[in-house]
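# A closer look at the structure
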Amino acid sequence: MSNIFRELLQKVGSGNHTGENLTRAEAATAIKMMLLGEATPAQIGAFLIAHRIKRPTGEELAGMLDAYYELGPKLQPILSRRPAIALGIPYDGRTRTAPISPVTALLLAAVGQPVVMHGGDRLPTKYGLPLIDIWQGLGVDWTSLPLAKTQQVFEQTGIGFIYLPQHFPLTNSIWEYRDQLGKRPPLATMELIWCPYAGDAHVIAGFVHPPTEGMFQIALGLRGITKFTLVKGLEGSCDLPRDRTAIISLSSSVASQEVERLHLVPRDYGFTTKNVPLGTTEELVANMQKVLAGEPGELMQTALWNGGFYLWRSGICPNMPEGLAKAEELLTNGAVAAKLQEISQI
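Every chain's residues receive numbers from 1 upward, in the order its sequence appears when written. For a predicted model such as this one, the threshold for reporting local features is a pLDDT of at least 70, and the threshold for listing and counting side-chain atom pairs is 80 or more; totals across whole chains, interfaces and linings nevertheless cover every residue. Side-chain numbers here rest on the full set of heavy atoms in the structure, without hydrogens or water.

The name an unreviewed UniProt entry assigns to the protein chain is Glycosyl transferase family protein, from the organism Nostoc commune NIES-4072.

The following block contains the structure:
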């Protein structure tokens, strides 16, 4: 048993009247002790559920990020005129709505915007469809690539995928605790803003609950990350919804440190207010292949809505209408399909 960890557990687990928030350094220490096995299973389980009940602070999330940056993998900087986009998407996947982020990543990479993604297999608590399964269905298997090979693919194609079971095995033990507890601990919140890239980055993360947005802003500020986009997206992802107004926070200039609130209404841009439901993985992959072939359909509309926004947000297009037009051009002229073929052949 670790007496140091017990003291940290006592701080977060003492209830509303006597409990305390951890400092940034204490939060980093707690995460490192869990990942390195220096805390006992009883201590780890108690900490995870106590911290969820207490709810994390932005400073604590920053400390957790410190631990991941110290112990975890990083793709090294590549030559690019733009900061790499790090897409933070819930590791436990999707169960209700069809994801589009792999197509978004391919579209951005097709015009020279680097993208870093990260995740694992089907994971608790939702055990929803993970990114890795979609990529495999599209013909790209990230699971067996060592980090050096992933770096090579990233340098050549502009897309890199950090697969945690291969690249960050210290996290493997935590998943059993998540399953047994049945609740997503604050680690699952922190992972959304983790950026496993050592160069200049633009962090894009999804969120569900409004308080999370504020915690993200504090944590990113403490980490010195000035370029970020926070999206109240589908199932906590970065995918913009079509059934409601998209609520988005945009970092402003470095000098002002201000955050701009953006509301995008799909019908204002000619889109129907309807999300594409998630069927089987095979159906989703087949529909994605149709999108990559430039065929019209509901998933194509989702791809255009998201592609247009991210082309504008990354600075490739000056506004949303031009972003939407550019997204349609890239999807119909074969450029995005060609990017997928390039990755699958490396």
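Salt bridges, as used here, are contacts in which a Lys or Arg side-chain nitrogen is within 4 Å of a carboxyl oxygen on Asp or Glu. Counted under the stated rule, the structure contains 16 salt bridges. A salt bridge links Arg223 to Asp66; the shortest N-O distance between them is 2.6 Å. One end of the pair, Arg223, is in the loop between helix H12 (210-222) and strand E5 (228-231); the other, Asp66, is in helix H5 (residues 58-71), and 157 residues separate them in sequence. Three exposure classes are used, based on accessible area relative to the maximum for each residue type with a 1.4 Å probe and protein chains only: buried under 20%, partly exposed in between, and exposed over 50%. According to the relative accessible area criterion, Asp66 is buried, its value standing at 18%. The salt bridge involving Arg94 is made with Asp239; its shortest N-O contact spans 2.9 Å. Residue Arg94 is found in the loop between strand E1 (84-88) and helix H6 (101-110), and its partner Asp239 is found in the loop between E5 and strand E6 (246-251); the two are separated by 145 residues along the sequence. Take Asp239: its relative accessible area is 3%, and that puts it in the buried class. Through salt bridges with shared partners, a single ionic network connects Arg94, Lys126, Glu235 and Asp239. Secondary structure follows DSSP: runs of H or I at least 4 residues long count as helices, runs of E at least 2 residues long count as strands, and numbering of each begins at the N terminus.

So, on to the domain arrangement of the protein chain. Bear in mind that the domain bounds are from an automatic or database domain assignment. The domains assigned to the protein chain are domain 1 (3-54) and domain 2 (77-345). The contact criterion used is simple: two residues touch if any of their non-hydrogen atoms lie within 4.5 Å. The interface of domain 1 with domain 2 comprises 12 residues on the first partner and 13 residues on the second. Buried area, as used here, totals the accessible surface that two parts lose on assembly, with accessibility defined by a 1.4 Å probe and the loss added over both. Surface buried jointly by domain 1 and domain 2 totals about 1,200 Å² across both partners, of which 74% is contributed by carbon and sulfur atoms. When the area that domain 1 buries against domain 2 is broken down by residue, the three leading residues are Leu35, Leu48 and Arg52, summing to 48%. Counting across the interface, domain 1 meets domain 2 through 0 salt bridges. Polar contacts here mean pairs of N or O atoms no more than 3.5 Å apart (in protein, one a potential hydrogen donor and the other a potential acceptor; neighbouring residues in sequence count only if both atoms are side-chain atoms). Run the count over domain 1 and domain 2 and you get 2 residue pairs in polar contact (both at pLDDT 80 or more). For the side of domain 1 that touches domain 2, the secondary-structure elements that each account for two or more residues are helix H3 (24-35) and helix H4 (41-54).

To continue, consider the sheet that holds strand E2 (residues 115-119). Note on sheets: strands pair through backbone hydrogen bonds, and any given pair is parallel or antiparallel. Two strands are counted as paired when DSSP detects at least two bridges linking them. Strand order in the open sheet formed by 7 strands is E3-E2-E1-E4-E5-E6-E7, and the pairing between neighbours is mixed. The open sheet has two edge strands with one neighbour each: strand E3 (159-163) and strand E7 (259-264). For this sheet, the mean inter-axis angle between neighbouring strands, taken without regard to orientation, is 20°. Pairing of E5 with E6, which is carried by 3 bridges, proceeds in the antiparallel orientation. Paired with Leu230 across the bridge in E6 is Ser249. In the packing of H6 onto the sheet, contacts are made with E1, E2 and E3, and the angle to E2 comes to roughly 155°. Working convention: axes come from line fits to C-alpha atoms, limited for helices to the stretch in contact. Angles between N-to-C directions cover 0 to 180 degrees.

By this rule the span expected of a helix is its residue count minus one, scaled by 1.5 Å. With 12 residues, helix H13 (residues 281-292) should reach 16 Å at 1.5 Å per residue; the first-to-last C-alpha distance of 16 Å fits that figure. If you check which residues of H13 are buried, you get Thr281, Leu284, Val285, Met288, Val291 and Leu292. Viewed end-on, H13 has its buried residues packed into an arc of 110°, placing them on one side of the element. Packing partners of the buried residues in H13 comprise H6, helix H7 (131-137), helix H14 (298-313), helix H15 (320-332) and helix H16 (335-344). Gly294 occupies a position one or two residues after H13 and carries a positive phi of about 80°. Note: the arc covers the axis-to-C-beta directions of the helix.

In this analysis, rings of Phe, Tyr and Trp, with Trp reduced to its six-membered ring, are considered paired at centre separations within 6.5 Å, and the interplanar angle assigns stacked below 30 degrees, edge-to-face beyond 60, and tilted for intermediate values. Under the defined criterion, the tally for this structure stands at 12 aromatic pairs. Taken together, a centroid distance of 6.0 Å and an interplanar angle of 25° make the contact between Trp142 and Phe161 stacked. Of this pair, Trp142 sits in the loop between H7 and helix H8 (147-157) while Phe161 sits in strand E3, placing them 19 residues apart in sequence. Residue classification places Phe161 among the buried positions, given a relative accessible area of 1%. Between Phe309 and Tyr310 the ring centres are 4.8 Å apart and the planes differ by 70°, which places this aromatic pair in the edge-to-face class. For Tyr310, a relative accessible area of 3% translates into the label buried. When the ring centre of Tyr69 is taken as reference, the NZ or CZ atom of Arg223 above it lies at 3.9 Å. Note on criteria: charge over ring means Lys NZ or Arg CZ within 6 Å of the ring centre, with the direction from the centre no more than 35 degrees off the ring normal.

Each neighbour pair has its own omega, and for Pro124 with Thr125 the value is 15°, a cis peptide bond. Checked against the element boundaries, Thr125 lands in the loop between E2 and H7. Of note in the backbone geometry, Arg55 takes a positive phi value of approximately 80° without being a glycine. Here Arg55 lies in the loop between H4 and H5. If you check the backbone angles, Glu235 has positive phi at about 50° while not being a glycine. Among the structural elements, Glu235 can be located in the loop between E5 and E6.

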